[in-house]
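# Close look at the chain arrangement
Each chain, written out:
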Amino acid sequence: MQDEQIMELFRSGDRERAFTEIVKSYSERLFWYVRRYVCCHEDADDLIQDIFIKVWAALPSFRGEARLFTWLYRIATNETLNFVRRQKVRAALNFKSIDTELERRIDEDPYLNGGEAERKLLKALQKLPQKQRVVFSMRYFEDMRYEEISEITGTSVGALKASYHIAYEKLKKEIE
């Protein structure tokens, strides 16, 4: 179902069906987007539930100024970055390195099926600054256009292109 049809359902009062269609249309895609950040299948599951709870609560205030797609990704990005920040704080309070913990999770994850190349890429991705990681993930893994990423992040297309290029070069150097 297209985003416009989903929002028409919502506006016509069939809110539960509209929400069900949103979940059906976006849950898998958002799961893998989130999964690359949190490096743990179970954390990604929990986070997706939190994201859709937030979507359900905020849906009545969705004004349609942005596309549904970009609005959902903005919520997912914000929730994921907040989750990662909380993980970093918890790790610091326990005198642990979050980077070491994330690498361990990547190495032990039974759901990763891309082999050593995928593990290397995910580990290298964790070392990028947040902004570069967001841009690289959206562009490379999600195959989004820079204009879409700009809508989600509120960053200019030119700045996104520069961030992507810098991230790409860092990842290339890290993997080699």
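Attention in this report is confined to the structure presented alongside it. For clarity, every value in this text was computed on a predicted model and none was experimentally measured. Counting from 1, residues in each chain are numbered in the order their sequence is written. With the structure being a predicted model, the display of local features is reserved for residues of pLDDT at least 70 and the display and counting of side-chain atom pairs for 80 or more, all residues being used for whole-chain, interface and lining totals. Remark: hydrogens and water are excluded; side-chain values derive from all non-hydrogen atoms of the structure.

Like-charged residues are merged into a patch within 9 Å and nonpolar side chains (Val, Leu, Ile, Met, Phe, Trp, Tyr) within 5 Å, provided each residue has over 30% relative accessible area and no salt bridge. Using a 1.4 Å probe, accessible areas were evaluated by the Shrake-Rupley method; residue-level cover was limited to the displayed protein chains. Only one rule defines a salt bridge in this text: a Lys or Arg side-chain nitrogen within 4 Å of an Asp or Glu carboxyl oxygen. Charge assignment: positive for Lys and Arg, negative for Asp and Glu; neither His nor the chain ends contribute. Note on charges: their place is set at NZ of Lys, CZ of Arg, CG of Asp or CD of Glu. Together, Glu 42, Asp 45, Asp 46 and Asp 50 give the surface a local cluster of negative charge. Only DSSP runs of H or I with at least four residues qualify as helices, and only runs of E with at least two residues qualify as strands; both kinds are numbered from the N terminus onward. Tracing the sequence through the fold places Glu 42 in helix H3 (residues 41–58). The buried label applies to any residue whose accessible area, calculated with a 1.4 Å probe on protein chains only, is under 20% of its type's maximum; exposed applies above 50%, and partly exposed to all values in between. The class of Glu 42 is partly exposed, set by a relative accessible area of 44%.

This part covers H3. Here the expected span of a helix is defined as 1.5 Å times the quantity of residues minus one. The end-to-end C-alpha distance of H3 is 26 Å, a good match for the 26 Å that 18 residues give at a rise of 1.5 Å each. All buried positions along H3 are accounted for by His 41, Asp 43, Ala 44, Leu 47, Ile 48, Ile 51, Phe 52, Val 55 and Ala 58. Each buried residue of H3 lies within a common arc of 165° when the element is viewed along its axis, so the set occupies one face. Facing away from the buried side of H3 by over 90 degrees, the exposed positions are Gln 49, Ile 53 and Ala 57. The reported arc concerns the directions from the helix axis to the C-beta atoms and nothing else.

With that settled, consider the packing of helix H8 (residues 146–153) against helix H9 (residues 157–175). As a rule, the C-alpha atoms of each element are fitted with a line to give its axis, helices using only the stretch in contact, and angles between N-to-C directions run from 0 to 180 degrees. Direction vectors running N to C along H8 and H9 enclose 105°, while the axes themselves pass 9 Å from each other. The angle between H8 and H9 falls in the class roughly perpendicular. Where H8 approaches H9, its residues Tyr 146, Glu 147, Ile 149, Ser 150 and Thr 153 are matched on the opposing element by Val 157, Leu 160, Lys 161 and Tyr 164. We call Asp, Glu, Lys and Arg charged. Ala, Val, Leu, Ile, Met, Phe, Trp, Tyr, Cys and Pro are nonpolar, and the rest, Gly among them, are polar. Here the contact of H8 with H9 is composed, by residue class, of five nonpolar, two polar and two charged. Under this scheme an angle from 65 to 115 degrees is roughly perpendicular, one under 35 degrees roughly parallel, and one over 145 degrees roughly antiparallel; angles in between are oblique. We call two residues in contact whenever any of their non-hydrogen atoms come within 4.5 Å of each other.

Remember, this is a structural readout, not a statement about activity or role.
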